Structure formats: structure tokens, C-alpha cells
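Residue-level structure breakdown
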Amino acid sequence: NMSGLLGQPYTECYSEYDYLKVTEPVLLMEDVKYASAGRESITALKNDGSVWWWGEYRSSYLTHANSNMLQLFWKTEEDEENPVKMLKNSPTKLMDDCVYATSGDFRGAAIKSNGDLYMWGLNLFGECGIEVADDDYIRVPVKVLDRVRMVWVERLDNRDKGIYDTSNYGIKYSVNVFVQTADDMYLAAGQNLGDKEKTIQLTGDICEPSTEKYSDELYPHIPAIS
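1. Here's the deal with the overall build of the protein
- Per the secondary structure count, the protein includes one helix and 12 strands.
- With 226 residues in all, the protein has 48% of them scored as buried.
- Residue pairs in contact within the protein that sit at least 24 positions apart in sequence constitute 52% of those at least 6 positions apart.
- Summing over all exposed atoms, the protein offers an accessible surface of approximately 11,700 Å²; the carbon and sulfur share of this is 50%.

Written out as C-alpha cells, the structure reads:
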């Protein structure tokens, strides 16, 4: 029940081992066409085309170090000003008129019926395909691109063909997004792409400056995939 994902009471925790374990199926939402789960969040696409998200995106990689980091990291109340995380304690409607939606561990994406791509979540190195700003998070879905056929958030795999292997870090790209356009071009954005540079103050548990290259625009950085 991390972050209250499974609808049970969500109380103050200081370890992932403190969360309530839910051992029986729980009804979370009805009339759902498709759902995608990240590490601590769920994105659901309903049959009416609406997209819902709940849980949290949180990161220990931040632009600005904060002396109150630990308390902010484990905070259980919704707070739009929290620089460390995005949190919704219950399913929250984000968009309408969508045909696809997905969630990674740190960000989400949705494609509307007209092919417009929207993204939200951690955008530390432009990995939402959105210009980097002072706030590390895109807290409301923003249109990124039009005429999009498919989007992959943080990974390149086809989970319809088998169980996702979390131990295979070869397909994990925690700070990237990949897009297939209607013209079958493959675009990417995020860390280690492009020539922009950004210095962050917190890298994991190391509080010291680190400078990385990135692209906050979707470009054909990768070859076509057959």
C-alpha cells in the first residue's frame, strides 16, 4: 500500500518496510480499459477516455538540495510546493479524450485521440520533453508533441510479450522518454542526449554538485527500430 495506492489508510512511514501489505485483491476503480503501474503510482485509462493518476513520483536526484530533505521525502500529505515529490492520495483525473496512458517510476504520459502527446512528472533533465524549469516536476500534464503513435517512459520493452524483468538494467532509462511518431520516426529526450548542460545539487545520497548533458526536446537521437 505504498503511498496509499491500494486505497488503505496511508500513515507516516520512514521505511518502505513500514507500508501496509495488502494480500487480497482490492477494487480500486471501475470501467477501466488499461492501467500501468510505476514504482509508487498507478495511471489508469477508463473506457470513456479519461486518464487518472494517483500515488507519488519522488526522487533523491534534485536541482536544489534541501535541509529538510528526509521529512519532505516521506511526507504523506498532498503538497504542491513539495520540491521532492508529486503526491495524490486518491485517484485524480488528469485528462479526457485519450487512447493510451502509461506510468514509469518518475513520470507519466498519455496520448489523446488526435495523436497529441502529454506528459507529467519528474523533468530534471528534460525527460518529459519539456523545457527544464526551476521546479523539477511537471505537476499538470503538458502537451509535448502531436501526431504520436506510441510513447515509452523510462524503458524500451514490450511488456505484452512477457513479464518485465526488473533486474535487466539494460532496458532501463530512468531519465529518458522515447516516442514513435505517426511517420515512424523514433525520438528521444532526457539525460545524455543533446548538448545542454545542467548542474544539480543532490545526486542520490551525495549532496554535491553534478553536471550532466541533456536534451529537453524530442529529437531523432536513436536509429529507427525495426
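2. Quick word on the sheet that holds strand β10 (residues 172–181)
- Reading across from one edge, β9-β10-β11-β12 is the order of the four strands in this open sheet, with antiparallel pairing throughout. Of all the strands in the sheet, the pair left with one neighbour each is β9 (148–155) and β12 (210–219). The average angle at which neighbouring strand axes cross in this sheet is 25°, direction not considered.
- Here eight bridges tie strand β11 (residues 186–200) to β12, and the two strands are oriented antiparallel to one another. Bridged to Glu-197 within β12 is Lys-213.

3. Things to note about the pattern of salt bridges
- Under the defined criterion, the tally for this structure stands at 17 salt bridges.
- The residue Arg-58 makes a salt bridge to Glu-56 at a minimum N-O spacing of 3.2 Å.
- For Glu-56, a relative accessible area of 1% corresponds to the buried category.
- Glu-78 is the partner of Lys-88 in a salt bridge, and the nearest nitrogen-oxygen pair spans 3.8 Å. Of this pair, Lys-88 sits in strand β4 (residues 85–95) while Glu-78 sits in the loop between α1 (69–73) and β4; the two residues are 10 residues apart in sequence, bridging distant segments of the chain.

4. Some remarks on the packing of aromatic side chains
- According to the stated counting rule, one finds six aromatic pairs in the structure shown.
- Summarising the aromatic geometry, the rings of Phe-125 and Tyr-214 are spaced 6.3 Å apart at their centres and angled 50° between planes, so their arrangement reads as tilted. Here Tyr-214 lies in strand β12 and Phe-125 lies in the loop between β7 (117–122) and β8 (137–145), a separation of 89 residues in the sequence.
- Assessed through its relative accessible area of 2%, Phe-125 is described here as buried.
- Seen in terms of ring centroids, Tyr-173 and Phe-178 are 5.2 Å apart; in terms of plane orientation they differ by 75°. Their pairing is edge-to-face.

5. Section: the pairing of strand β3 (residues 51–58)
- Judged by how many residues are buried, β3 sits mostly within the fold: seven of eight residues are covered.
- Judged from the five bridges that link them, strand β2 (residues 41–46) and β3 form a sheet pairing that is antiparallel. Each residue of the ladder has a partner; that of Ala-44, found in β3, is Trp-52.
- Between β2 and the antiparallel strand that follows it, β3, lie four residues; Gly-49 among them carries a positive phi value of about 90°.
- Two strands pair when backbone bridges link them, and β3 and β4 are joined in this way by seven bridges, in the antiparallel orientation. Looking across to β4, one finds that Val-51 is bridged to Met-95.

The rules behind these values
- Residues numbered from 1 in each chain as written.
- Predicted model: local features only at pLDDT ≥ 70, side-chain atom pairs only at ≥ 80, totals over all residues.
- Heavy atoms only, no water.
- Helix = DSSP H or I, 4+ residues; strand = E, 2+ residues; numbered from the N terminus.
- Buried < 20%, exposed > 50% of the residue type's maximum accessible area, 1.4 Å probe, protein only.
- Contact = heavy atoms within 4.5 Å.
- Areas by Shrake-Rupley, 256 points an atom, 1.4 Å probe, with all protein chains shown as cover.
- Pairing = 2+ DSSP bridges.
- Axes fitted to C-alpha atoms, helices over the stretch in contact; angles between N-to-C directions.
- Salt bridge = Lys/Arg side-chain N within 4 Å of Asp/Glu carboxyl O.
- Phe/Tyr/Trp six-rings, centres within 6.5 Å; stacked < 30°, edge-to-face > 60°.

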